[in-house]
Amino acid sequence: YIFHVVCDLLYDNGSNFNFWKEQMQDYLIVKGQIDPIENENALEAYKANEWLKLDRIVRATIRMHLSESVYFIVQSCSTTFELWKTLSETYEKKVASTKMYMIRRLYNLQMKESDSVQAHLNEYESLSSQILSQGTTIEDELRAMILMSSLPSSWETFITTAIKYSKVTSAILTEASRRKSFT
């Protein structure tokens, strides 16, 4: 069968670099073209012509998935390894500020009394997933505490016990249903 992979473009602000990087690595693995970004000296393991051909194919594949402004940053790179290193050095620094922004948003997230519980949980999960996808780990207990601290003060009684994160979302939904039945 035909295996088709679509990989997004890497944008100039680098906000999608980690996701793009993982997608591109998977794409190159599937195509059998991962060696040039993982090993600068892999040339020794290949016949010179085979290596040069593979390096050109992989470099072209990566460049096809760059926005125009990013393309010009790596246009002069003569090897795939150099191209990959340039992209990493350029955008992994930007990723740190993106992580900080996402973490700050997660910690400052507050549900209002009038907000939908499900919408709040969806927003919390979205922010949490974005942080996790960037390689930052958040312990289960901390995730539960952050989520519970984002609830309004009227939920104070509910928040008196520590609950594992995997159980917090269902407990919050159950509590929300219970509260609706009283109104």
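Residues numbered from 1 in each chain as written. Predicted model: local features only at pLDDT ≥ 70, side-chain atom pairs only at ≥ 80, totals over all residues. Heavy atoms only, no water.

Q: What should I look at first to understand the overall build of the chain in this one?
A: A count of helical and extended segments in the chain gives 8 helices and 0 strands. Listing each helix as α and each strand as β along the chain from the N terminus yields α-α-α-α-α-α-α-α. Per-residue burial over the chain gives 37% buried out of 183 residues. Taking contacts inside the chain between residues at least 6 apart in sequence as the whole, the part at least 24 apart equals 56%. (Helix = DSSP H or I, 4+ residues; strand = E, 2+ residues; numbered from the N terminus. Buried < 20%, exposed > 50% of the residue type's maximum accessible area, 1.4 Å probe, protein only. Contact = heavy atoms within 4.5 Å.)

Q: Is there a simple way to think about the packing of aromatic side chains in this case?
A: For any two aromatic rings, the description comes down to two numbers: the centre-to-centre distance and the angle of the planes. One pass over the structure, following the stated rule, counts 4 aromatic pairs. Among the aromatic residues, ring-to-ring pairing joins Phe17, Trp20, Trp84 and Tyr91 into one connected group. The ring of Trp155 has Arg179 lying over it, and the distance from NZ or CZ to the ring centre is 4.2 Å. (Phe/Tyr/Trp six-rings, centres within 6.5 Å; stacked < 30°, edge-to-face > 60°. Lys NZ or Arg CZ within 6 Å of the ring centre and 35° of its normal.)

Q: I keep staring at the pattern of salt bridges and nothing clicks. Help me out?
A: Throughout the structure, instances matching the rule amount to 4 salt bridges. Of the charged contacts in the structure, one is a salt bridge between Glu175 and Arg178, with a shortest N-O distance of 2.6 Å. Taken as a pair, Glu175 and Arg178 lie in helix α8 (residues 165-181) at a separation of 3 residues, close to a single helical turn. Glu175 gets classed as buried once you look at its relative accessible area, which sits at 12%. The exposure class assigned to Arg178 is partly exposed, which follows from its relative accessible area of 40%. Residue Arg179 pairs with Glu175 through a salt bridge whose shortest N-O separation is 3.1 Å. Taken as a pair, Arg179 and Glu175 lie in helix α8 at a separation of 4 residues, close to a single helical turn. (Salt bridge = Lys/Arg side-chain N within 4 Å of Asp/Glu carboxyl O.)

Q: Would you explain helix α1 (residues 17-30) in this entry?
A: Every α-helix winds through 3.6 residues per turn, so residues three or four apart in the chain are directed the same way. With 14 residues, α1 should reach 20 Å at 1.5 Å per residue; the first-to-last C-alpha distance of 20 Å fits that figure. Of all the residues in α1, the buried ones are Phe17, Asn18, Trp20, Lys21, Met24, Tyr27 and Leu28. Positioned one or two residues after α1, Gly32 has a phi angle of 70°, which is positive. (Expected span 1.5 Å × (residues − 1).)

Q: Help me understand a nonpolar patch on the surface in this model?
A: On the surface, Tyr107, Leu142 and Met145 cluster together into a nonpolar patch covering about 280 Å² of accessible area. Mapped onto the fold, Leu142 is located in helix α7 (residues 140-149). (Patch = residues over 30% accessible without salt bridge, like charges linked within 9 Å, V, L, I, M, F, W, Y side chains within 5 Å. Areas by Shrake-Rupley, 256 points an atom, 1.4 Å probe, with all protein chains shown as cover.)

Q: Which parts of the structure should I look at to understand the environment of Lys99?
A: Within the element layout of this structure, Lys99 appears in helix α5 (residues 80-108). Every residue in contact with Lys99, bar those within four places of it in the chain, is listed here: Asn18, Gln134 and Thr136.

Q: Help me understand the environment of Leu151, please; the structure alone is not making it clear to me.
A: Along the chain, Leu151 turns up in the loop between α7 and α8. Leu151 sits in the buried class, given a relative accessible area of 5%. Linking Leu151 and Gln110, residues 41 residues apart in sequence, is a C-alpha distance of 6.2 Å. Contact partners of Leu151, with chain neighbours within four places excluded, come to Gln110, Met111, His120, Phe158, Ile159 and Ile172.

Q: In this structure, what is going on with the confidence of the model for the chain? I would like to understand it.
A: In low-pLDDT regions, the fine details of the predicted coordinates are not to be read closely. The pLDDT averaged across the chain works out to 80; a share of 84% of its residues lies at or above 70. Per-residue pLDDT, averaged within each element of the chain, yields its smallest value for α1 (77) and its largest for helix α6 (residues 117-133) (89). In this model, residues 1-5 is a region of pLDDT below 50 whose contacts with residues beyond four sequence positions or in other chains number 2 contacts. (pLDDT = per-residue confidence, 0-100.)

Q: How should I be thinking about the nonpolar core in this particular structure?
A: One broad rule of soluble globular proteins: the nonpolar side chains tend to lie buried together. Judged by nonpolar contacts, the single largest core of 20 residues is most densely connected at Leu106, Val117, Trp155 and Ile172. Of all elements in the fold, only α5, α6, α7 and α8 reach the threshold of two or more residues within this core. Among the elements that take part in this core, α6 stands out by supplying 5 residues, more than any other. Those residues in contact with Ile172 that sit more than four places away from it in its chain are Val117, Leu121, Leu147, Leu151, Trp155 and Phe158. (Core = buried A, V, L, I, M, F, W, Y, C linked by side-chain atoms within 4.5 Å.)

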